[in-house]
Amino acid sequence: MTVLAALFAYLNHRFIRLPGTIGIMLISLLSSLALIVIGWIDPGLVAEITRLVKSVDLYTIVMKIMLSFLLFAGAIHLDGRVMRREGLSILTYSTMGTILSTFFVGGFLYALCLLLHFPLDFLYCLLFGALISPTDPIAVISILRQAKIPATLEAKISGESLFNDGVAVVLFIAIYEIVEPGPTHFDAGHIAGLFFREVGGGLLFGALLGYCGYLLLRTIDHYQVEVMITLALVMGGYLLADRLHISGPLAMVVAGLITGNVTRSTAMSETTRDYLDKFWEMTDEFLNAILFLLVGFELLVLPFNGMYIVLGLLCIPIVLLARYLSVVLPIGFLRYHTTFEKNAIPILTWGGLRGGISVALALSIPLGMQGELFLVITYVVVLFSILVQGLTIGKVAKRLA
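Residues numbered from 1 in each chain as written. Predicted model: local features only at pLDDT ≥ 70, side-chain atom pairs only at ≥ 80, totals over all residues. Heavy atoms only, no water.

### Brief notes about the overall build of the protein chain
To keep things clear, this is the line we draw: Think of it this way: any DSSP run of H or I at least four residues long counts as a helix, any run of E at least two long counts as a strand, and we number them from the N terminus. We compute the radius of gyration over the C-alpha atoms and compare it with the globule rule, which gives 2.2 Å times the number of residues raised to the power 0.38. Three exposure classes are used, based on accessible area relative to the maximum for each residue type with a 1.4 Å probe and protein chains only: buried under 20%, partly exposed in between, and exposed over 50%. The contact criterion used is simple: two residues touch if any of their non-hydrogen atoms lie within 4.5 Å. Only the protein chains shown count as cover for residues, with accessible areas throughout obtained via the Shrake-Rupley method and a probe of 1.4 Å. Positive charges come from Lys and Arg, negative ones from Asp and Glu, while His and the chain ends are left out of the count. One atom stands in for each charge, and that atom is NZ of Lys, CZ of Arg, CG of Asp or CD of Glu.
Of regular secondary structure, the protein chain possesses 17 helices and zero strands. In terms of overall size, the protein chain behaves like a compact globule, its C-alpha atoms giving a radius of gyration of 21 Å where 401 residues would be expected to give roughly 21 Å. Seen through its principal axes, the protein chain has C-alpha atoms that stretch 60 × 50 × 45 Å. Across the 401 residues in the protein chain, those meeting the buried criterion constitute 54%. The long-range share in the protein chain, meaning contacts at least 24 apart out of those at least 6 apart in sequence, stands at 84%. Here the protein chain has roughly 17,700 Å² of accessible surface; of this, 68% comes from carbon and sulfur atoms. Positive and negative charge centroids in the protein chain, built from 24 and 26 side chains respectively, lie 10 Å apart.

### Here's the deal with the side chain of Ser68
Examined against the element boundaries, Ser68 turns out to sit in helix 4 (residues 58–76). When its relative accessible area of 2% is taken as the criterion, Ser68 is described as buried. Here Ser68 is in contact with Val234, Tyr238 and Met252, once residues within four sequence places are set aside.

### Brief notes about the environment of Pro303
Summarising the element assignment, Pro303 is placed in the loop between helix 13 (270–297) and helix 14 (306–334). Taking the C-alpha atoms as reference, Pro303 lies 7.3 Å from Val376; in sequence the two are 73 residues apart. Ignoring sequence-local partners within four residues, the contact set of Pro303 consists of Glu372 and Val376.

### What about the pattern of salt bridges?
Operational definition: Any carboxyl oxygen of Asp or Glu that lies within 4 Å of a side-chain nitrogen of Lys or Arg is treated as forming a salt bridge with it.
Here the structure, examined in full by the defined rule, presents ten salt bridges. A salt bridge links Asp242 to Arg243; the nearest nitrogen and oxygen atoms lie 3.6 Å apart. By relative accessible area, which is 35% here, Asp242 ends up partly exposed. Three or more residues are tied together by salt bridges with common partners; here these are Lys64, Asp242 and Arg243.

### Let's talk about empty space enclosed by the protein
Rules: With a 1 Å grid spanning the protein atoms alone, the term cavity applies to any set of points in which a 1.4 Å probe fits but cannot get out, the term pocket to an open set with protein on both sides within 12 Å along at least five of seven lines, and the term lining residue to any residue with an atom within 4 Å of a point. Grid points are joined across faces, edges and corners, and a volume is the space filled by probe spheres set on the points. Under this grouping Gly is polar, as are all residues other than the nonpolar Ala, Val, Leu, Ile, Met, Phe, Trp, Tyr, Cys and Pro and the charged Asp, Glu, Lys and Arg.
Applying the stated criterion to the full structure yields three cavities of 30 Å³ or more. Roughly 50 Å³ of internal volume is contained in the second largest cavity. Lining of the second largest cavity is provided by Ile316, Val319, Leu320, Gly352, Arg354, Val381, Phe384, Ser385 and Gln389. Per element, the largest residue contribution to the lining of the second largest cavity is four residues, and it comes from helix 17 (residues 371–400). Here the residues of the lining of the second largest cavity are counted per class, giving five nonpolar, three polar and one charged.

### What about the nonpolar core?
How we decide: Here, nonpolar core means buried Ala, Val, Leu, Ile, Met, Phe, Trp, Tyr and Cys residues that are tied together by side-chain atoms lying within 4.5 Å of each other.
Grouped together as the largest cluster of nonpolar side chains are 115 residues, with contacts concentrated most on Leu109 and Phe128. If near-sequence neighbours (up to four positions away) are discounted, Leu109 is found in contact with Leu120, Cys125, Phe128, Cys315, Ile318 and Phe374. With ten residues, the next largest nonpolar core counts Ile149, Leu153, Ile157 and Ile331 among its residues.

### Re the packing of helix 11 (residues 223–244) against helix 13
The description of two packed helices rests on the angle between their axes and on the distance between the axes. Operational definition: For every element, the axis is a line fit to its C-alpha atoms; helices are fit only across the contacting stretch, and the angle between N-to-C directions ranges from 0 to 180 degrees. Any angle from 65 to 115 degrees is called roughly perpendicular, while one under 35 is roughly parallel, one over 145 is roughly antiparallel, and all others are oblique. Crossings are sorted by hand: turned counterclockwise from the far helix by less than a right angle, the near helix makes the crossing left-handed, and turned clockwise it makes it right-handed.
Two elements in contact, helix 11 and helix 13, have axes separated by 9 Å at closest approach and are oriented at 45°. Judged on the interaxial angle alone, helix 13 and helix 11 are oblique. Relative to helix 13, helix 11 is oriented so that their crossing is right-handed. Across the interface between the two elements, Tyr223, Glu226, Val227, Thr230, Leu231 and Val234 from helix 11 touch Thr271, Thr272, Tyr275, Leu276, Phe279 and Trp280 from helix 13. Its residues placed into classes, the contact of helix 11 with helix 13 shows eight nonpolar, three polar and one charged.

### Re helix 2 (residues 20–41)
Counted only if it meets this: Expected helix span is computed as 1.5 Å times (number of residues minus one).
Taking 1.5 Å per residue, 22 residues should reach 32 Å; helix 2 reaches 32 Å between its end C-alpha atoms and fits that length. Along helix 2, the residues classified as buried are Thr21, Ile22, Gly23, Ile24, Met25, Ile27, Ser28, Leu29, Ser32, Leu35 and Gly39. The inward-facing, buried residues of helix 2 abut helix 1 (2–16), helix 3 (43–55), helix 13 and helix 17.

### What to know about the packing of aromatic side chains
The criterion, for reference: Two rings belonging to Phe, Tyr or Trp (six-membered ring only in the last case) form a pair when the distance between their centres is within 6.5 Å. Interplanar angles under 30 degrees mark stacking, angles over 60 mark edge-to-face geometry, and anything in between is tilted.
Across all of its chains, the model carries twelve aromatic pairs by this definition. Ring centres of Phe72 and Trp280 lie 4.8 Å apart, and the angle between their planes is 55°; this geometry places the pair in the tilted category. Placement of Phe72 in helix 4 and of Trp280 in helix 13 is noted, with a sequence separation of 208 residues between them. In this pair, the class of Phe72 matches that of Trp280, namely buried. Seen in terms of ring centroids, Phe279 and Trp280 are 5.2 Å apart; in terms of plane orientation they differ by 85°. Their pairing is edge-to-face. Residue Trp280 is classed as buried on the basis of its relative accessible area of 0%. Through a chain of ring-to-ring contacts, the aromatic side chains of Phe69, Phe72, Phe279 and Trp280 assemble into a single cluster.

Encoded structure:
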């Protein structure tokens, strides 16, 4: 995978010149389509490649390994001062916005299925709403910066994407625990306790991790060891959070914010800061390249069901409408407490991309719970989100700005 990621990154940079991760995903997607065509000529060759793709456990790779590094790397480069100023907006979007999006998507999908005479339980629709609600604009942050949108709006988009990953995962787990045994076993107290334990525990544990890292790093000046300590914070902290049954993603975001702002400015030398920035920037680029490569090749193992694809295409406007509503309503709630940039609503709506996390969560749903259906729908929405929204958000932002 590393060889292919490097090759596709070279081809994109040398010839196509799209944003890095989007270009890699597009090439892997075209490669998958080419393999499907070749499969008509030599089924044996493609069958072997498909078997290799199936052997890759994308859910474990993304949710148990990559996500911790990606969230920490994203948080470590955020400006804490801007984040504090936009804290209320980020908190509202990542909590209220994610919950609203989950229920809007679930409700619209349920109504659509009724119109198409395609029976689908409402709780299953909510499960899809939870997995498709987290935004993942990492692939287009560089585009947004080139578009010269206000720093406060950029902070809203990037901050929301980091925090709502953790919130959406907790929400997905909560709904899954209702769906799996059946709604007759629904326990509101247990679900509320799970939500607050995961979210509250993740935030507190992340603050503890960040503070422990600060105490260690301020006592030495040796960039190799200091970078290793930040790496240990991510790997050990995420594993421990999983054992404690609290939100590892939220813990990584908080630990990254503390490390990137407090620790970086007060407990590190200039040399260490330089190496730390380069190490985590390279880690972020490499893991995103691998992730988008895997998402592109996932096309080889999708079940080609006409009805599923139709539902996926119809879910694109549903997800966009739900995103619009989950942006507009919090703005109405926040307008008396904070200011919003001109044209914030369309940029926040179109810039709310869906990515690998949604695909990974869809892969975790068993076949008996409409797993194949949700995987196809999610894949269609994610492809549109990355290839259409991702490639046009810069132009949209420039035009609106």
